Amino acid sequence: GRIMFVGLFGAGKTTSIGKLAKFYQKRGLKTALIGCDIHRPAAMDQLSQLAAQVNVPCYAPKDIKDPIEISKIGIEKFKKYDILIFDASGRSSLDKELADELRKLGEFVKPNEVLLTIPADMGQAAGEQARGFKELVGITGIFLTKMDSTARGGGAITSCAVTGAPIKFIGVGEKADAIEVFDPDRFVSRLIGFGDIQGLIEKAKEAEFKPETAEKIMEGTFTMNEFLE
């Protein structure tokens, strides 16, 4: 599968790529990153550093100034991989030049998914951005970033829903594993203040919390080992 990430400056695009790479890697899929952001000076370095942190390979050359050329080499380099994630260029606004570049890259890469990163604290303005990107590059979903304890993200979600672009993932913090698959029921329960029980259960499963440990705790034989786990 091929996933192309698009988004404006400051939306948390590169961080989200690192999170998604780790998410798929955890599920046993061979994942690699390809850096196609040729405009932002530190973009390639940032992507390489993130890749190293989550332990996935990355092709992000600083000497090639053509995203198509980079993609071509990257696709060849990682042809035995299950998932390739492409970091496309961002800008401070969606202008014609960026739109053309993204469209061409999309036509060449033929991604299965085009994910737009939008910060949760954008509120209603998120809808216009989603609409703009959707018309130009045909986004298939949204990665809502910066959904930490402060941002409830209701406005952003409502306005994105109007564009018909589904929210696929949410970023819920700084760390590489601070990512969740978007689940409307869970989201609403969190929005109105009920605890996110489902999220807790999943985290426990991911941490391989043993049933025996739970039983011991229920029986009251709670030792330092159970506490640690």
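To start, this report covers the structure provided alongside it. As the structure is a prediction and not an experimental result, all values here were calculated from the model. (Residues numbered from 1 in each chain as written. Predicted model: local features only at pLDDT ≥ 70, side-chain atom pairs only at ≥ 80, totals over all residues. Heavy atoms only, no water.)

**Thoughts on the environment of Ala161**
Phase 1 of the analysis: Note on placement: Ala161 falls in helix α6 (residues 154-163).
Phase 2 of the analysis: For the pair Ala161 and Ala130, spaced 31 residues apart in sequence, the C-alpha separation works out to 9.4 Å. (Helix = DSSP H or I, 4+ residues; strand = E, 2+ residues; numbered from the N terminus.)

**Considering helix α1 (residues 13-26)**
Phase 1 of the analysis: Given a rise of 1.5 Å per residue, 14 residues ought to cover 20 Å, and the 20 Å separating the end C-alpha atoms of α1 matches this to within 8%.
Phase 2 of the analysis: Within α1, 10 of the 14 residues are buried, leaving the element largely enclosed by the surrounding structure.
Phase 3 of the analysis: Three or more residues of α1 are buried, namely Lys13, Thr14, Ser16, Ile17, Gly18, Lys19, Leu20, Ala21, Phe23 and Tyr24.
Phase 4 of the analysis: Of the residues flanking the end of α1, it is Gly28, one or two places downstream, whose phi is positive at about 80 degrees. (Expected span 1.5 Å × (residues − 1). Buried < 20%, exposed > 50% of the residue type's maximum accessible area, 1.4 Å probe, protein only.)

**Details of the packing of helix α5 (residues 125-137) against α6**
Phase 1 of the analysis: Remark: α5 packs on α6, axes separated minimally by 7 Å, with the N-to-C direction vectors making an angle of 30 degrees. Judged by the twist between their axes, the crossing of α5 over α6 is right-handed. When α5 is examined against α6, the residues Ala126, Gly127, Ala130, Arg131 and Lys134 are found in contact with a partner set consisting of Ala156, Ser159, Cys160, Val162 and Thr163. (Axes fitted to C-alpha atoms, helices over the stretch in contact; angles between N-to-C directions. Left-handed = near helix turned anticlockwise from the far one by under 90°. Contact = heavy atoms within 4.5 Å.)

**Overview of the pairing of strand β4 (residues 83-87)**
Phase 1 of the analysis: In terms of burial, β4 is a largely internal element, five of the five residues being buried.
Phase 2 of the analysis: Burial along β4 is two-sided: Ile83, Ile85 and Asp87 facing one way and Leu84 and Phe86 facing the other are all buried.
Phase 3 of the analysis: Of the pairings in the sheet, the one linking strand β1 (residues 2-6) to β4 comprises four bridges and is parallel in character. Along β4, the bridge assignment pairs Arg2 with Leu84.
Phase 4 of the analysis: By the bridge criterion, five bridges tie strand β2 (residues 31-35) to β4 in an arrangement that is parallel. Looking at the pairing, Ile34 lines up with Phe86 of β4. (Pairing = 2+ DSSP bridges.)

**Notes on the sheet that holds strand β5 (residues 113-119)**
Phase 1 of the analysis: Taken in spatial order, the eight strands make up an open sheet running β3-β2-β4-β1-β5-β6-β7-β8, and their pairing is mixed. This sheet does not close on itself; its edge strands, each paired only once, are β3 (58-59) and β8 (179-181).
Phase 2 of the analysis: Inspection of the sheet shows β2 paired to β3 by two bridges, in the parallel sense. When the bridges of β3 are listed, Ile34 appears paired with Tyr59.
Phase 3 of the analysis: Strands in contact with helix α2 (residues 43-54) are β2, β3 and β4; relative to β2, the strand with the most contacts, it is inclined by about 170 degrees.
Phase 4 of the analysis: Helix-sheet contacts for helix α4 (residues 96-109) involve β1 and β4, and the interaxial angle to β1 is about 175 degrees.

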